[in-house]
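Chain and residue survey
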Amino acid sequence: GCAYGGFSIAMAKAGAKVSGVDISPRFIDYAKANALNTAQIEFNVLDASSIDVRKTFEKGSFDFVLLNDVLEHIYDTASLVANLDWLLSDTGIVFFKVPNGFSPRFVLSEGHRRIFGLTVLDPDCWFYLYPKRASIFYRPFSHFEAIFSHFGLPQTLLIDEERVFARMTARKLKEQIKEIFAKARDLEHPDPIFKIYLRKGIQRFRDEFFYDVENNTTEFVKYKYGSYFFTGFFARKNTKLKVLKST
């Protein structure tokens, strides 16, 4: 969602006609207050994955949609992207930024709750470590690629804004995985069933990592595990995507 409206306001100031949506009435109130006397923006309390999107906006009425730290909070990704297909013009583009649950950094300390092990657990097991609703769903990047492609946005342009290829090494990743196992071994928890779930999640993570090391390129491994966030664009087939270089 648009949350406090920061990106919406910035785009409106740059000359765009902007609509911001968020499922939280509180965030929409903040966004309206922040935009007051600053920018003309239509803000709506709206679940972007619901059919209400199509009742609120006309088909093909958007050229650009921004999903910054949004995708991980959407359970029904397919319905969200189907709505984006409805909203976007024939040359529409989606910008996305989504945290990478495969990053050892986030296994060691999940980005929202700062809790060890959450990203390797299924959301229905989060209650062992976090008593509130999960509301966060970590998925591999291939999940998003498949759904966006299915709904008419087959082009993908990834941006290495974190300079992953320069800063990350296979050795560093292996050291982080050793740290994960050490932390899991020393973790105290009263429920033995949870320890089984956590161990299975970490073993699956480890096995996939070493499979990728043996069967994929170094660049693939660095990006899949070294990225803290996946950032880039999805676009229509006929949209011309190009990398803009800063000067």
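Scroll up to find the structure this text is about.
Section: the nonpolar core
Ranked by size, the top nonpolar core spans 28 residues in total, and within it Phe-116, Trp-126, Ile-180, Leu-198, Ile-202, Phe-205 and Tyr-225 carry the most contacts. When contributions to this core are tallied by element, the ones reaching two or more residues are α5 (104-108), α8 (170-186), α9 (192-215) and α10 (218-226). Per-element tally for this core: the top contributor is α9, with five residues. Leaving out residues up to four positions away in the same chain, Tyr-225 has contacts with Asn-100, Phe-102, Ser-103, Pro-104, Leu-173, Phe-205, Glu-208, Phe-209 and Asp-212. Ranked by size, the runner-up nonpolar core spans 26 residues in total, among them Ile-74, Val-98, Leu-153 and Phe-234.

So, unusual backbone geometry
For Arg-114, which is not glycine, the phi dihedral falls at a positive 60°. Note that Arg-114 resides in the loop between α5 and α6 (141-150). Even without a glycine there, the phi angle at Arg-163 is positive, about 55°. Here Arg-163 shows up in the loop between β5 (155-158) and α7 (164-167).

Focus: the environment of Tyr-30
Among the structural elements, Tyr-30 can be located in helix α2 (residues 25-35). Taking relative accessible area as the criterion, Tyr-30 reaches 37% and is therefore assigned partly exposed. As for Tyr-30 and Ala-3, which are separated by 27 residues in sequence, their C-alpha atoms are 7.8 Å apart.

Rules behind the numbers
- Residues numbered from 1 in each chain as written.
- Predicted model: local features only at pLDDT ≥ 70, side-chain atom pairs only at ≥ 80, totals over all residues.
- Heavy atoms only, no water.
- Core = buried A, V, L, I, M, F, W, Y, C linked by side-chain atoms within 4.5 Å.
- Buried < 20%, exposed > 50% of the residue type's maximum accessible area, 1.4 Å probe, protein only.
- Helix = DSSP H or I, 4+ residues; strand = E, 2+ residues; numbered from the N terminus.
- Contact = heavy atoms within 4.5 Å.

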